[in-house]
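Spelled out from the first residue to the last, the chains are:
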Amino acid sequence: INWFPGHMHKATKEIKQRLPSVDLIIEVLDARIPYSSANPVIAKLRGDKPCIKLLNKSDLADPEITKRWIEHFEQDKSVRSMAVTSHKPDQIRAILQDVRSLFADNFERGRPIHIMITGIPNVGKSTIINILAQRTIAKTGNEPAVTKGQQKINLPDGLFLWDTPGILWGKFHNQSAAYRLATTGAIKETAVSNDDIAAWAAEYLLRAYPDALVKRYELASTPRDEIDFLEQAGKRRGCISRGNQIDFEKIAKIFLTEYRDATLGLLSLETPEMAQAEEAEVEAKL
Ligand code: GDP
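Residues numbered from 1 in each chain as written. Predicted model: local features only at pLDDT ≥ 70, side-chain atom pairs only at ≥ 80, totals over all residues. Heavy atoms only, no water.

**Student:** Before we move on, can you summarise the sheet that holds strand β3 (residues 79-83) with the specific residues and values?
**Tutor:** Taking strand neighbours across the sheet as the criterion, the 6 strands line up as β3-β2-β1-β4-β6-β5 in an open arrangement whose pairing is mixed. Strands at the two margins of the open sheet, each flanked by one partner only, are β3 and β5 (151-155). Direction aside, the axes of adjacent strands within the sheet are offset by 25° on average. As defined by bridge partners, strand β4 (residues 113-118) adjoins strand β6 (residues 159-163) across 5 bridges and the pair is classed as parallel. When the sheet's bridge partners are listed, His114 is paired in β6 with Phe160. Each of β1 (24-30), β2 (51-56), β3, β4, β5 and β6 touches helix α4 (residues 89-102); the most contacted strand, β3, lies at about 165° to it. (Pairing = 2+ DSSP bridges. Helix = DSSP H or I, 4+ residues; strand = E, 2+ residues; numbered from the N terminus. Axes fitted to C-alpha atoms, helices over the stretch in contact; angles between N-to-C directions. Contact = heavy atoms within 4.5 Å.)

**Student:** Explain the pairing of β6 to me, using residue names and the numbers behind them.
**Tutor:** Burial runs high along β6: 5 of the 5 residues are buried. Here 5 bridges tie β5 to β6, and the two strands are oriented antiparallel to one another. Residue pairing for β6: Gln151 is matched across the bridge by Asp163. Linking β5 back to β6 in an antiparallel pair, the connection comprises 3 residues, with Asp157 at a positive phi of about 65°. (Buried < 20%, exposed > 50% of the residue type's maximum accessible area, 1.4 Å probe, protein only.)

**Student:** For the confidence of the model for the protein, give the residues involved together with the corresponding values.
**Tutor:** Low pLDDT means the predicted coordinates in that region are not meant to be read closely. Of the residues in the protein, 90% have a pLDDT of 70 or more, and the chain-wide mean is 90. This model gives residues 143-147 a pLDDT under 50, and the stretch forms 13 contacts once residues within four places in sequence are excluded. (pLDDT = per-residue confidence, 0-100.)

**Student:** Any chance you could break down the pattern of salt bridges for me, citing the residues and the numbers?
**Tutor:** This structure, assessed with the given rule, holds 15 salt bridges. Residue Asp76 pairs with Arg46 through a salt bridge whose shortest N-O separation is 2.9 Å. One end of the pair, Asp76, is in the loop between α3 (63-73) and β3; the other, Arg46, is in the loop between α2 (40-45) and β2, and 30 residues separate them in sequence. Given a relative accessible area of 10%, Arg46 falls into the buried group. Each member of the salt-bridge network shares a partner with another, and the members are Arg180, Glu270 and Glu278. (Salt bridge = Lys/Arg side-chain N within 4 Å of Asp/Glu carboxyl O.)

Take a look at the structure:
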């Protein structure tokens, strides 16, 4: 999977320029893929600048794994991390309390606090901004890859929120990360075939959560591999094309939709250990 439209270069440059002058970064991550949905530029350039990592869409993620991610992130003393869902505005508003305690000094002296917020398309960043701003600032919607320019938003109590374009960066070195982004729907469906994404997702989910798949598709036994799974599930759902062949495209779509809306259950796609191993592998290749 490969993608890196020109506007991403511009957006990356904007983030790099803004970063040194902000007091805090709020990184909105997808709780199902906290590593693959994180901006590598931030990871590289943040240093020990305070950072709040919001694991959004935690209503769709495996709670046990989300807990492990939070512990993992908070090993870094400059990071606070919490599981949220932007469908619960109280959880989002509570972040401002954290900001106040982090910057108690600034508040006392009436100094402004500049916050940069980042997040890939469709991660829920606009919904979060609108809650923090208590008014509609950013357009929300389920369509990925809508790029918006940088903008400064005034929040109450001397807080300034710098929005950054919702971009997806190229992860050329890590195909697994790309497939995870595709599985959650962060990469537009047209960029790569559904069969291919579904096969990748099935392979992982069969290893991590076999019972969830067997149960949902009422399979007689645990499939041997992802193709066997798609065939069995396809039969179950009547995805048969002419000549009595399995319609892979059709079952792929059903399977991905049911993953994305958590009909399959609360299933995460990566653990901190996996991310660390992949990161080491990427480093070794460079
Ligand atoms: P943005 O592209 O990052 O600004 O994302 P939006 O705020 O526009 O949200 C994208 C889609 O994700 C919308 O359909 C939201 O309803 C949905 N969404 C946002 N936050 C959550 C969440 O916490 N849980 C779930 N299940 N869906 C969410």
